[in-house]
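Commentary on secondary and tertiary structure
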Amino acid sequence: MSISSRFSVGIHILTLIEMNKEGRNSSEFIASSINTNPVVVRKLIGMLKKEGLVEVRPGIAGAKIAKDSADITLLDVYKAVNVVQENELFSIHDKPNPKCVVGKNIQATIEPIFTAAQLAMEKVLGNVTLKDVIDDLENKADEE
């Protein structure tokens, strides 16, 4: 099982919009870069807009970044596209056997480990900005 692709697609959308800020960022254009349906793009742009990461104007095709790319972290994107609920990256099975020594204690044992792992991941994402992603992409393009 993996984290929803909405997260990577959200990063893709924001990066493309910022790198193409002089162009027309319609959902069709963005979808062609992602190789998906424009409906998927519109849904994700709506989620990003709700969190104040993009701006769209009714009746005008295209979107733009609502903040400086250095002020948008990957954690912001992660939360905006509702990848997982707060503190629920890892699910714990809910009905272990209470008569079993493992079953009655497993949840209390692994829950703090899972919470620490999620917090560590979120700390990493909080330290990487959209600008960092864009800079890396531009460096890779220069190497080609």
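Residues numbered from 1 in each chain as written. Predicted model: local features only at pLDDT ≥ 70, side-chain atom pairs only at ≥ 80, totals over all residues. Heavy atoms only, no water.

**Structural notes on helix 5 (residues 106-126)**
The end-to-end C-alpha distance of helix 5 is 30 Å, a good match for the 30 Å that 21 residues give at a rise of 1.5 Å each. Looking at helix 5, one finds that the buried residues are Ile 110, Gln 118, Glu 122 and Leu 125. All buried residues of helix 5 fall inside an arc of 115 degrees around its axis, so they share one side. Exposed side chains of helix 5 directed beyond 90 degrees from the buried face belong to Ala 108, Ile 113, Lys 123 and Val 124. If you follow the buried residues of helix 5, they end up packed against helix 1 (6-19) and helix 4 (74-80). (Helix = DSSP H or I, 4+ residues; strand = E, 2+ residues; numbered from the N terminus. Expected span 1.5 Å × (residues − 1). Buried < 20%, exposed > 50% of the residue type's maximum accessible area, 1.4 Å probe, protein only. Arc of directions from axis to C-beta. Contact = heavy atoms within 4.5 Å.)

**Points about the packing of aromatic side chains**
Given two aromatic rings, one states the distance between the centres and the angle between the planes to describe the pair. Summed over the entire model, instances satisfying the criterion amount to two aromatic pairs. Ring geometry for Phe 7 versus Tyr 78: centroids 5.4 Å apart, planes at 85 degrees, classification edge-to-face. Here the residue Phe 7 occupies a position in helix 1, and Tyr 78 occupies one in helix 4, the gap between them amounting to 71 residues. For the pair Phe 7 and Tyr 78, a shared accessibility class is recorded, and that class is buried. (Phe/Tyr/Trp six-rings, centres within 6.5 Å; stacked < 30°, edge-to-face > 60°.)

**Notes on the pattern of salt bridges**
For the coordinates displayed, the defined rule picks out five salt bridges. The closest approach of N and O atoms between Lys 21 and Glu 18, which form a salt bridge, is 3.0 Å. Taking the relative accessible area as the measure of exposure, Glu 18 reaches 17% and is therefore buried. (Salt bridge = Lys/Arg side-chain N within 4 Å of Asp/Glu carboxyl O.)

**A look at the nonpolar core**
In this structure, Phe 7, Ile 13, Leu 14, Ile 30, Leu 48 and Val 77 are the most contacted members of the largest nonpolar core, which totals 31 residues. Among the elements that make up this core, the one with the highest residue count is helix 1 (seven residues). Setting aside anything within four residues of it in sequence, one finds Phe 7 in contact with Leu 74, Val 77, Tyr 78, Val 81, Val 83 and Leu 125. (Core = buried A, V, L, I, M, F, W, Y, C linked by side-chain atoms within 4.5 Å.)

**Brief notes about a negative patch on the surface**
Taken together, the side chains of Glu 138, Asp 142, Glu 143 and Glu 144 present a region of like negative charge at the surface. Within the fold, Glu 143 resides in helix 6 (residues 130-143). A relative accessible area of 67% means that Glu 143 is categorised as exposed. (Patch = residues over 30% accessible without salt bridge, like charges linked within 9 Å, V, L, I, M, F, W, Y side chains within 5 Å. Areas by Shrake-Rupley, 256 points an atom, 1.4 Å probe, with all protein chains shown as cover. Lys, Arg positive; Asp, Glu negative; His and termini not counted. Charge placed at Lys NZ, Arg CZ, Asp CG, Glu CD.)

**Structural notes on helix 3 (residues 38-50)**
With 13 residues, helix 3 should reach 18 Å at 1.5 Å per residue; the first-to-last C-alpha distance of 18 Å fits that figure. Taken together, the buried positions of helix 3 are Pro 38, Val 41, Leu 44, Ile 45, Met 47 and Leu 48. At the N-terminal end of helix 3, a side-chain oxygen is found 2.8 Å from the backbone nitrogen of Val 39, two or three residues along, and the residue is Asn 37. Looking one or two residues beyond helix 3, the residue adopting positive phi is Gly 52, at roughly 75 degrees. (Polar contact = N/O pair within 3.5 Å; in protein donor to acceptor, adjacent residues only side chain to side chain.)

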